[in-house]
Amino acid sequence: MSNAITPLADYVLGQAEEAETKTASGLYLSASAQEKPKTVKVVAVGKDVKTVKPGDRIIHKSFTTTEVKVGKDDFILVKEEDVIATVK
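The rules we used
Residues numbered from 1 in each chain as written. Predicted model: local features only at pLDDT ≥ 70, side-chain atom pairs only at ≥ 80, totals over all residues. Heavy atoms only, no water. Pairing = 2+ DSSP bridges. Helix = DSSP H or I, 4+ residues; strand = E, 2+ residues; numbered from the N terminus.

Trainee: Could you clarify how one ought to interpret the pairing of strand 1 (residues 11-16) in this entry?
Mentor: If a strand is regular, its side chains alternate between the two faces of the sheet. Bridging between strand 1 and strand 5 (residues 73-79) involves four bridges; their strand directions are antiparallel. Note on strand 5: the bridge partner recorded for Leu13 is Leu77. Looking at chain direction, strand 1 and strand 2 (residues 39-45) are connected through five bridges and run antiparallel. What sits directly across from Gln15, in strand 2, is Lys41.

Dropping the structure here:
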């Protein structure tokens, strides 16, 4: 996928995964009841990023991101130091 955004330095560019719209018991959640996802699929990384690579799934700290919209796509920029874990 070609991106219009190229992260610089130690920034990671990702796309948030969709929030769950249904509970385990089958109830549908309203938009206000859905948790904001903190799991992100890495799309691109800056040249100084050492621990993650495009394609990884990561968990990041809350309230440390910059949200960007390009066309219909929503992206998140997060500093590498704010990445808490990778998800397999």
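Still to come is the rest of the account.
Trainee: When you look at the pairing of strand 4 (residues 65-70) in this model, what are you seeing that I'm missing?
Mentor: The pairing of strand 4 with strand 5 spans six bridges and is antiparallel. Residue pairing in the sheet places Val68 in a bridge with Phe75 of strand 5.

Purely geometric numbers; function is a separate question.
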